[in-house]
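Summary of structural features
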Amino acid sequence: MAEITGTTWTCYDSNTMTQAEIYGRVLTELGEKDPRVVGVTADLANSTKIGVFGKAFPDRLFNVGIAEQNLFGVAAGLAKSGLIPFASTFAAFASMRAAEQVRTDICYQNLPVKIIATHAGVAFGQAGTTHHCLEDIAIMRAFPNMTVIVPADGIETANAVRASMDIPGPVYIRVGRGFEPKFHASEDYGFRVGKAQRFREGTDLTIIACGIAVLQAAEAAKLLAASDGLSIRVVNMHTIKPIDREEVLAAIRETRRILTVEEHSVIGGLGGAVADVIAESGKGCAFSKLGFNDEFSVVGYPEDLYSHYRLDANGIADAVRAIMGRDFEEDESWEDEV
Amino acid sequence: MEAERLKRLEAAARQVRYDIVEAIGNIGIGHFGGALSIVEVLTVLYFSQMNASPANAKDPGRDKLVLSKGHAGPALYAVLAQKGYFPRETLFTLNQGGTSLPSHCDRNLTPGIDMTTGSLGQGLSVAIGMALADRMDGRKNRIFAIIGDGESDEGQVWEAAMAASQYGLSNLIAFTDYNKMNIDGLTSEIMNLDDLGAKWRAFNWNVLRTDGHDLEAIDRAIDAARLESDRPTMIILDTIKGKGCSIAEGKLSSHNMAISKEQKEKALGELSAAMGELS
Ligand SMILES: Cc1ncc(C[n+]2csc(CCOP(=O)(O)OP(=O)(O)O)c2C)c(N)n1
Ligand SMILES: [Mg+2]
């Protein structure tokens, strides 16, 4: 059996496994180590891959039927009694159908329920707008005690799921659907909850991204270096709450320009969290949020939707150029400030 | 039912089934199981019972349907196309970028769809609101709703069950597609519904039960439901998930099933042979 903590194992190949599949395997290993680990789902054992854990531990997976409010209430009760429940359903149902159960039964009681929500963002593309979820980061961030993590790929999902065991309270881990391309080469890059990963150095502008946008941001930075001669810093802000303030402050100080990119509404998500830090810093900083504007997302294949909403490398590069083109100066004049 | 009318319904149902398999088959994956199990009830509703057609699509007095198990959208799309709400070719844009037919029902996108659904458990409540409004305005129409057996796990379904009888909504006729399957397994194993009829009766609904693939029986049940004067009616339909398509019928895997080109051709061959027999 592989080590659960430590820095030397890369047993999951995110080229051949979805984020969710990797989650199922990691959870099974956690279950082998720690008898307090249990699983709860709502008729989505197969779809969220918590069923992998259930195959290994049939007596420790509770499938409550299609009843998400019940799901999170049950998880709270299990946690209150000393167990560590991992609760999985689609992100739309975890964050919206059961929002109050998550808030009051889990967060207010500060119980160690780990919510692994899959099919977030527009990963469910063709299923339609009811199945898209572009609000969950905002909702979950607003609940006291909740830690919110958005892994960049399957490897980071493995790290996040393992790390969630060391967090005494509730955790929300937001996972996509399918074969999102891999970002990390291995698990040994020093993942720490609350500590952003500075993936690429740069001095002209910082892109702060999370989830599938991290890889695209890295591609955009390469592209901008080659075609525009720009030096772009890329930060993987995998933990949205608590946000890594130091990393944001460093970006303000050292690059004076920030673009956030996320597969989420521009209201209240990563961009909102970064904006809070910028505003509270009192420092001037050219800033833009790239994500889904205040409108419902359209139907289509996820890849098409990513480019439709300009979340691909080209779209990100254009957004960077727009900020670079802004007349931003470090002077005292308000007339020409952004 | 006269033989001629039954024959027409049978032909319509077979066409619907064919169109579902072709439309989902074209994209290679989709909710075959839950779409194929409601072909008969949708056929009876739109071709025998409901006062609903493109001509009265904007008339508030028309009959309306909330397909609460919205993942069965492709079945309703096939019916709506046959009714002339949109051209049959539109069926083959299912799920594609820019389509008016996403895999779950969307009232904002599709002509003839009365309510957006897909998040299970929500539809019956909306149907109640519609039924209340129609009754307030003295309209004589009916509101129909279809829920899944797995969907019946949702607490909101039972909140709605209580409300509909509290308000004595005899203009509301609901169906449970009792195909005995969820996604993860048999309904009886995931969350046993036990005596489903007794549950609805306990909520003071008029409860009927019939073979969900028997067009005449469904038609009779709806006729009977119309006679009810002070309670909502729940018609429990005993159905088979994936009905009428050999690769899907009765299979748990039919819920959201991938289908190869060869499988599609084979299934369509079977269905068109059946259509030939009929005519
Ligand atoms: C609130 C909610 N939870 C979960 C799902 C995911 N889901 C889609 S279909 C389905 C199973 C539905 O079972 P049932 O109602 O019996 O439908 P049918 O067998 O007719 O397909 C599930 C769990 C959903 N769409 N909505
Ligand atoms: Mg069912």
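Each chain carries its own residue numbering, running from 1 in the written order of its sequence. Each chain is given a letter, starting from A, and each ligand a number, starting from 1, according to the order in which they appear as written. Reporting in this predicted model follows two pLDDT cut-offs: at least 70 for local features of residues, and 80 or more for side-chain atom pairs to be given and counted; totals over whole chains, interfaces and linings ignore these cut-offs and use all residues. Hydrogens and waters are ignored; side-chain quantities use all the structure's heavy atoms.

Here we look at the environment of D211(B)
All names here are of chain B. Here is the rule we go by: The secondary structure listing takes helices from DSSP runs of H or I that are at least 4 residues long and strands from runs of E that are at least 2 residues long, numbered from the N terminus. Residue contacts are defined here by distance: any two heavy atoms, one from each residue, within 4.5 Å place the two residues in contact. Here a polar contact means two N or O atoms within 3.5 Å. Within protein one must be a hydrogen donor candidate and the other an acceptor candidate, and residues neighboring in sequence count only if both atoms are side-chain atoms.
Within the secondary structure, D211 is located in strand β5 (residues 206-211). Between the C-alpha atoms of D211 and V44, which are 167 residues apart in sequence, the distance is 13 Å. When sequence neighbours within four positions are dropped, the list of residues in contact with D211 reads I218 and D238. Of note is the side chain of D211, whose polar atom sits 2.8 Å from the backbone nitrogen of H213.

Focus on the nonpolar core
Just so we agree on the cut-off: The set of buried Ala, Val, Leu, Ile, Met, Phe, Trp, Tyr and Cys residues whose side-chain atoms join them within 4.5 Å is what this entry labels a nonpolar core. Here's how the labels work: a residue is buried when its accessible area is under 20% of the maximum for its type, exposed when over 50%, partly exposed in between, all with a 1.4 Å probe on protein chains only.
Counting residues in hydrophobic clusters, the biggest one holds 57 residues, and the most contacted among them are L45(B), Y46(B) and F175(B). Residue contributions to this core peak at 9 residues, all from helix α1 (residues 3-27) of chain B. Counting residues in hydrophobic clusters, the runner-up holds 55 residues, among them F72(A), V113(A), I115(A) and I252(A).

Quick look at the coordination of the magnesium ion (ligand 2)
All names here are of chain B. Worth spelling out the cut-off: For Na, K and Ca the donor cutoff is 3.2 Å, while for all other metals N, O and S atoms must lie within 2.8 Å; water is not among the atoms, so some sites may look incomplete.
For the magnesium ion (ligand 2), the full set of protein donor atoms is D149 (OD), N179 (OD1) and M181 (O), at a range of 2.0 to 2.1 Å. Along the chain, the residues donating to the magnesium ion (ligand 2) are arranged with the sequence spacing D-x29-N-x1-M. Accessibility classification places N179 together with M181 in one group, the buried group.

Considerations on the site of ligand 1
To be explicit about the condition: Being near a molecule or strand, for a residue, comes down to having at least one heavy atom within 4 Å of it. For this scheme, ten residues count as nonpolar: Ala, Val, Leu, Ile, Met, Phe, Trp, Tyr, Cys and Pro. Four count as charged, namely Asp, Glu, Lys and Arg, and the remainder, Gly too, count as polar.
Among the 24 residues in the neighbourhood of ligand 1, the closest are listed as E68(A), K69(B), H71(B), D149(B) and K241(B). Nearby residues around ligand 1 are contributed by chains A and B. A distance of 2.7 Å is found between an oxygen atom of ligand 1 and a side-chain nitrogen or oxygen belonging to H71(B). Taking G118(B), its main chain carries an N or O atom lying 2.8 Å from a nitrogen atom of ligand 1. Of the residues contributing to the shell around ligand 1, the split by class is 5 nonpolar, 10 polar and 9 charged.

Some remarks on the interface of chain A and chain B
Selection rule: What counts as buried area is the accessible surface, traced by a 1.4 Å probe, that two parts surrender upon association, with contributions from both included. A carboxyl oxygen of Asp or Glu within 4 Å of a side-chain nitrogen of Lys or Arg is what we treat as a salt bridge.
Listed as interface residues are 22 residues of chain A and, on the opposing side, 27 residues of chain B. A per-residue breakdown of the area chain A buries against chain B is headed by D43(A), I66(A) and R97(A), which together make up 31% of the total. For the pair chain A and chain B, the number of links is 1 salt bridge. Among the secondary structure elements, those contributing two or more residues to the side of chain A that touches chain B are α2 (45-48) and α5 (91-97) of chain A. By residue number, the principal contributor to the side of chain A that touches chain B is α2(A), which donates 3 residues.

Notes on the pattern of salt bridges
Within this structure, the stated rule accounts for 31 salt bridges over all chains. The salt bridge partner of D136(A) is R174(A), with a shortest N-O separation of 2.9 Å. In this pair, D136(A) sits in helix α7 (residues 136-141) while R174(A) sits in strand β6 (residues 171-174), placing the two residues 38 residues apart along the sequence. With respect to burial, D136(A) and R174(A) carry one shared label: buried. In this structure, D114(B) and R62(B) form a salt bridge, with 2.8 Å as the shortest nitrogen-oxygen distance. Linking D114(B) in the loop between α4 (73-82) and α5 (123-136) with R62(B) in the loop between α3 (39-49) and β2 (64-67), this pair joins segments that are 52 residues apart in sequence. The pair formed by D114(B) and R62(B) is uniform in burial state, with each residue classed as buried. Three or more residues are tied together by salt bridges with common partners; here these are R198(A), E201(A), R233(A), E247(A), R253(A) and E254(A).

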